[in-house]
Amino acid sequence: QVQLVESGGGLVQAGDSLRLSCAASGRALSYYAMGWFRQAPGKEREFVTAIIWSGTNAYYADSVKGRFTISRDNAKNTVYLQMNSLKPADTAVYYCALDTTPGLILRRIDAYDYWGQGTQVTVSS
């Protein structure tokens, strides 16, 4: 059974930084793409970023490009999301997700098979 556990969320001020972690158990992440999504109150879950299994390619939503960085440490079975220059619009619950099927479009929610429980990020103005 795969489990993904996010951590690192919190309350910060605009302009601050946070680093989220997503630790996996039950399956080695080495072979799979990973993604981060977020869901703000009253809104649909949206794509934030994704990284392929090797870490050599990553994809970002336009709203976070240049501010957020995804990375992975396959030896630690962990994926990270470094968030800089945070804005109130970044306030949401952030979810990590695991894609076990190669070739799917990583921006799509339905590309992912396993999800974490989410971690709250709140950015005050």
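Okay, so let's go over this structure.

What counts, and at which threshold
Residues numbered from 1 in each chain as written. Predicted model: local features only at pLDDT ≥ 70, side-chain atom pairs only at ≥ 80, totals over all residues. Heavy atoms only, no water. Pairing = 2+ DSSP bridges. Helix = DSSP H or I, 4+ residues; strand = E, 2+ residues; numbered from the N terminus. Axes fitted to C-alpha atoms, helices over the stretch in contact; angles between N-to-C directions. Phe/Tyr/Trp six-rings, centres within 6.5 Å; stacked < 30°, edge-to-face > 60°. Buried < 20%, exposed > 50% of the residue type's maximum accessible area, 1.4 Å probe, protein only. Lys NZ or Arg CZ within 6 Å of the ring centre and 35° of its normal. Contact = heavy atoms within 4.5 Å. Core = buried A, V, L, I, M, F, W, Y, C linked by side-chain atoms within 4.5 Å. Salt bridge = Lys/Arg side-chain N within 4 Å of Asp/Glu carboxyl O.

### Examining the sheet that holds strand S3 (residues 18–25)
Stage number 1. If you walk across this open sheet you meet the four strands as S1-S3-S8-S7, and the pairing is antiparallel. Both outer strands of the open sheet, strand S1 (3–7) and strand S7 (68–73), are each paired with one neighbouring strand and no more. Adjacent strand axes in the sheet meet at a mean angle of 15° when their direction is disregarded.

### A short note on the packing of aromatic side chains
The description of an aromatic ring pair uses the distance of the two centres, along with the angle that the planes make with each other.
Stage number 1. Under the criterion given, the structure shown has five aromatic pairs.
Stage number 2. A ring pair is formed by tyrosine 31 and tyrosine 32, whose centres lie 6.3 Å apart and whose planes are at 80°; its orientation type is edge-to-face.
Stage number 3. For tyrosine 32, a relative accessible area of 17% puts it in the buried group.
Stage number 4. Relative to tryptophan 115, the ring of tyrosine 112 has its centre 5.9 Å away and its plane inclined at 65°; by these criteria the two rings are edge-to-face.
Stage number 5. Of the residues examined, tyrosine 112 reaches a relative accessible area of 6% and is grouped as buried.
Stage number 6. Three or more aromatic residues joined by ring pairs form one cluster here, namely Phe37, Phe47, Tyr112 and Trp115.
Stage number 7. Positioned over the ring face of tyrosine 95 is arginine 45, at 3.7 Å from the centre of the ring.

### Some words on the environment of alanine 92
Stage number 1. Inspection of the secondary structure puts alanine 92 in strand S9 (residues 92–99).
Stage number 2. Measuring from C-alpha to C-alpha, the distance between alanine 92 and glycine 9 comes to 9.8 Å, with 83 residues separating the pair along the chain.
Stage number 3. If near-sequence neighbours (up to four positions away) are discounted, alanine 92 is found in contact with Arg38, Gln39, Ala40, Thr119, Gln120 and Val121.

### As for the environment of valine 2
Stage number 1. Take valine 2: it is sitting in the segment before S1.
Stage number 2. Apart from residues no more than four positions distant in its own chain, valine 2 is found in contact with Ser25, Gly26, Arg27, Leu98 and Tyr114.

### A short note on the nonpolar core
Stage number 1. The biggest cluster of nonpolar side chains holds 38 residues, and the ones touching the most others in it are Leu4, Met34, Trp36, Phe68, Leu81, Met83 and Tyr94.
Stage number 2. For this core, the secondary-structure elements that each account for two or more residues are S3, strand S4 (33–39), strand S5 (46–51), S7, strand S8 (78–83), S9 and strand S11 (119–124).

### Regarding the pattern of salt bridges
Stage number 1. Evaluation of the coordinates by the stated rule reveals five salt bridges.
Stage number 2. For aspartate 62, the salt bridge is made with lysine 65, and the minimal N-O distance between the two is 3.2 Å.
Stage number 3. Exposure remark for aspartate 62: the relative accessible area of 67% places this residue in the exposed category.
Stage number 4. Close ionic contact of arginine 67 with aspartate 90 constitutes a salt bridge, the shortest N to O distance being 2.8 Å. Taken as a pair, arginine 67 in the loop between strand S6 (58–60) and S7 and aspartate 90 in the loop between S8 and S9 lie far apart in primary sequence, 23 residues in all.

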